[in-house]
Amino acid sequence: MASYDVIVIGAGPGGYVAAIRCAQLGLKTACVEGRGSLGGTCLNVGCIPSKAMLHASHMLHEAETNFAKMGLKGKAPSVDFKQMLAYKDETIESNTKGIEFLFKKNKIDWLKGWGSIPEKGKVKVGDETHEAKNIIIASGSEPASIPGVEIDEKVVVSSTGALELPKVPKKLVVIGAGVIGLELGSVYRRLGSEVTVIEYLDVVTPTMDQEVQKQFQRLLKKQGMEFVMGAAVQSVEATKTKAKVTYKTKKDDTEETVDADVVLVATGRKPYTDGLGLKELGVEMTDRGQIKTDKTWKTSVDGIYAIGDAITGPMLAHKAEDEGMAAAEVIAGKHGHVNYGIIPSVIYTDPEVAAVGKTEQELKDEGVSYKAGKFQFMANGRAKANLATDGFVKILADKETDRILGAHIMGPSAGDLIHEICVAMEFGASAEDLAMTCHAHPTYSEAVREAALACGDGPIHS
Ligand code: NAD
């Protein structure tokens, strides 16, 4: 039996970051992980592999649509799907091996196996029980299906199966127009699938700004994705090679059926806490199955902390990472802090979509008087040169104080551009502060500055 200051359960972005920070702060640390490689859902079957597939399929799309215009003539590349999956697997491996290296560098023991907490201060992995002054649960989440739909990871797949398909399906039906549905739907559309997205609500990506929702859906339609909105999927009947998806429209309650070669279930994720022994320990849970924590990520049981997808809040890798660092700091006697008001969210489609802070709808509902400064990428020099003019930057600022309250970007590199606004918001900046900051020309980031200018006397280029 080994004894540790901290044992982290789970080596996803929340857990491995917590373990590294604990070690950096001088705590003797171990991390339990039962998967054959470190990095959790994000590195193995989520964010990282999907980005490899998005990148590869984006390159194909560029070759098919823009190369000739730029004077790059020749046959458009054909898809060797097996090789694309191998490239994706290499990307996963180089990332997960990187975490192994960081564990060694920081002298973190990887306890291989699935962990449970038989009693306070103890973590059991396989036949061995280890002592831990503190335990951080970072057990993450798993795909949540809907009644009447059983995931077999072959014909009816979650995001995990969608990244391992044997071939590009002819007809892909996606249930749910959230982040996963639209990202993976985009991948297969670009690779040649006919993609139909069935969504219960009347809008895509429910938490996004309404203006973005509308324009984003319009662009995805232009790219060939089909949408059935306001329709609740009732059931999926699958054989070994095909499926029938039945949905009911909310408007007139009629039932329709569509055929598919593959059905992607992207209707959300749920916390994964099976087998930890939380009930027996008396760890309080929310009625949505999340672990309850206080502001310092402590659970209702002394010495046990929880972070990431297993607790409340958005299921985002970077939110989990921030909580991991903060919980480590709390355990080390420092002041861990996460600013939940400034957590960016990004959808890695083309164009990318990124947001931080409040939406216009939220500000209206809260009765805040605000101004919106907007700038289209159509008028940005770099975007024109790169044939990437779809989308806009919108900055929302307080009408009186000019303080930035939120930002919404749809366009090239939106997922990177959003961060200058995050930093500005962390410093309590006004739109004018952003507008007065010199931005290099020609860059996409000038569109951010122009949107900030639009909150004041007006942008230069429109
Ligand atoms: P989501 O919650 O983003 O979207 C699920 C969608 O499914 C919703 O729009 C919902 O209305 C719809 N839906 C639910 N039941 C339905 C039914 N019966 N018929 C039709 N539509 C139905 O969930 P997701 O896309 O599965 O993603 C899961 C989690 O993973 C999210 O928290 C997401 O933030 C996270 N994630 C983030 C990223 C990223 O940041 N880029 C990428 C992937 C996943």
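Above this text sits the structure in question.
Thresholds applied
- Residues numbered from 1 in each chain as written.
- Predicted model: local features only at pLDDT ≥ 70, side-chain atom pairs only at ≥ 80, totals over all residues.
- Heavy atoms only, no water.
- Buried < 20%, exposed > 50% of the residue type's maximum accessible area, 1.4 Å probe, protein only.
- Helix = DSSP H or I, 4+ residues; strand = E, 2+ residues; numbered from the N terminus.
- Pairing = 2+ DSSP bridges.
- Right-handed = clockwise from strand over helix to strand, strands pointing away.
- Polar contact = N/O pair within 3.5 Å; in protein donor to acceptor, adjacent residues only side chain to side chain.
- Contact = heavy atoms within 4.5 Å.
- Salt bridge = Lys/Arg side-chain N within 4 Å of Asp/Glu carboxyl O.
- Near = heavy atom within 4 Å.
- Areas by Shrake-Rupley, 256 points an atom, 1.4 Å probe, with all protein chains shown as cover.
- Axes fitted to C-alpha atoms, helices over the stretch in contact; angles between N-to-C directions.

K.L.:
Help me get a handle on the pairing of strand β10 (residues 194-198), residues and values and all.
P.N.:
Extensive coverage of β10 is indicated by the burial of four of its five residues. As paired elements, strand β9 (residues 171-175) and β10 share five bridges and run parallel to each other. Bridge pairing in β10 places Lys171 opposite Glu194. A crossover connection joins β9 to the parallel β10 through helix α6 (residues 179-190); in handedness this β-α-β unit is right-handed.

K.L.:
Tell me about the side chain of Gln213, and please be specific about residues and values.
P.N.:
Inspection of the secondary structure puts Gln213 in helix α7 (residues 210-222). Looking at Gln213, its side chain comes within polar contact range of the main-chain oxygen of Thr205, at 3.1 Å. Leaving out residues up to four positions away in the same chain, Gln213 has contacts with Val203, Val204, Thr205, Pro206, Thr207 and Met208.

K.L.:
Please give an account of the pattern of salt bridges that cites residues and values.
P.N.:
When their charged atoms lie close together, side chains carrying opposite charge are able to pair. With the rule as written, the count across this model stands at 17 salt bridges. Lys97 is the salt-bridge partner of Glu100, the closest N and O atoms lying 3.8 Å from each other. Taken together, the positions of Glu100 and Lys97, both in helix α4 (residues 81-105) and three residues apart, correspond to about one turn of that helix. When its relative accessible area of 44% is taken as the criterion, Lys97 is described as partly exposed.

K.L.:
Which residues make up the site of the ligand, and what values do they have?
P.N.:
The full set close to the ligand counts 23 residues, and Ile180, Glu183, Glu199, Gly268 and Val346 are the nearest of them. With respect to the ligand, the backbone of Ile180 contributes an N or O atom lying 2.9 Å from an oxygen atom. Interatomic distance of 3.0 Å between a backbone N/O atom of Val233 and a nitrogen atom of the ligand. Alone, the ligand offers 850 Å² of accessible surface; in the complex the protein occludes 79% of this.

K.L.:
Give me the lowdown on unusual backbone geometry, citing residues and values where you can.
P.N.:
The amide bond that connects Asp350 to the next residue, Pro351, takes the cis arrangement and shows omega of 0°. Mapped onto the elements, Pro351 comes out in the loop between β18 (345-347) and β19 (352-357). The phi torsion at Glu153 lies on the positive side, around 60°, for a residue other than glycine. With respect to the element layout, Glu153 can be found in the loop between β7 (141-143) and β8 (156-157). The residue Asp253 is not glycine, and still its phi comes out positive at about 60°. The exposed category is assigned to Asp253, whose relative accessible area is 52%.

K.L.:
So what's going on with the sheet that holds strand β12 (residues 231-238)? Residues and values would help.
P.N.:
Two modes of strand pairing occur in sheets, parallel and antiparallel, and in both the strands are linked by backbone hydrogen bonds. Here we have three strands laid out as an open sheet, ordered β12-β13-β14, and antiparallel in their pairing. Of all strands in the sheet, those bounded by a partner on one side alone are β12 and β14 (255-260). Going across the sheet, the axis of each strand differs from the next one's by a mean of 25°, ignoring polarity. Direction of pairing for strand β13 (residues 243-249) relative to β14: antiparallel, over a ladder of six bridges. Its bridge partner being in β14, Thr246 is matched across the sheet by Thr257.

Interpretation note: all reported values are geometric properties and have no functional meaning in isolation.
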